[in-house]
Amino acid sequence: MAKVLGIDLGTTNSCMAVMEGGEPEVLENSEGKRTTPSVVAFTKTDERIVGDAAKRQAVTNPRNTVYSIKRFMGRKFDEVQEEIKRVPYKVVRAANGDAAVEVEVDGKPKQFTPPEISAMILAKLKADAETRLGEKIAQAVITVPVVEPSTSPSSKSATASSK
């Protein structure tokens with residue numbers, strides 16, 4: 001039977017595990033760590049990086065390094081004015097009034113929604129799990145801890161759409 005990947009999509013770090021012999025086994029990521037920073041960066045060479053590598057270059061590329069994206073998940077731009085003050089990247093009003101981030105890709109501004117950024121994190125975790133396990137992952141259970149002030153029904157719905 002194929003393994004089901006369990007992912008804890010965290011605001012700061014994310015973690016993945018599978019069941020082995022009836023016990024959960026936390027999997028290491030491609031860097032050999034049990035947690036992966038929930039960080040996505042877009043480099044000056046138009047490369048997208050996720051996790052530890054993204055976190056390491058945040059000091060030299062703050063405007064194109066997105067973290068704490070869950071704080072904006074499913075929320076309107078007008079609701080997140082205090083959160084915007086805490087991040088160096090640009091948070092903008094999407095066409096539907098939601099909060100989105102704007103980074104530079106191929107020398108041009110590009111908007112991403114919080115579910116799109118979260119999907120990039122989830123894709124890295126899935127790829128790392130497949131590498132560790134040596135098999136494809138077809139199913140996953142994603143937990144989203146409910147310690148955020150932004151855990152409204154719309155934020156839960158937006159998180160679900162990021163898979």
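For the structure itself, look to the data block above.
Residues numbered from 1 in each chain as written. Predicted model: local features only at pLDDT ≥ 70, side-chain atom pairs only at ≥ 80, totals over all residues. Heavy atoms only, no water.

### Things to note about the pairing of strand β3 (residues 23–26)
Sheet analysis places strand β2 (residues 13–20) next to β3, joined by four bridges and oriented antiparallel. Within the sheet, the bridge partner assigned to Ala17 lies in β3 and is Val26. Between β2 and β3, which pair antiparallel one after the other, the connecting turn spans two residues, and Gly21 there sits at a positive phi close to 60 degrees. (Pairing = 2+ DSSP bridges. Helix = DSSP H or I, 4+ residues; strand = E, 2+ residues; numbered from the N terminus.)

### Concerning the sheet that holds strand β7 (residues 65–67)
Reading across from one edge, β6-β5-β7 is the order of the three strands in this open sheet, with antiparallel pairing throughout. The outermost strands of the open sheet, each flanked by one partner alone, are β6 (48–50) and β7. In this sheet, neighbouring strand axes are inclined to one another by 15 degrees on average, regardless of whether the strands run parallel or antiparallel. Relative to β6, strand β5 (residues 39–42) runs antiparallel, the two being bridged by three bridges. Bridge pairing in β6 links Phe42 to Arg48. In the packing of helix α3 (residues 114–133) onto the sheet, contacts are made with β5, β6 and β7, and the angle to β5 comes to roughly 105 degrees. (Axes fitted to C-alpha atoms, helices over the stretch in contact; angles between N-to-C directions. Contact = heavy atoms within 4.5 Å.)

Keep in mind these numbers describe shape, not what the thing actually does.
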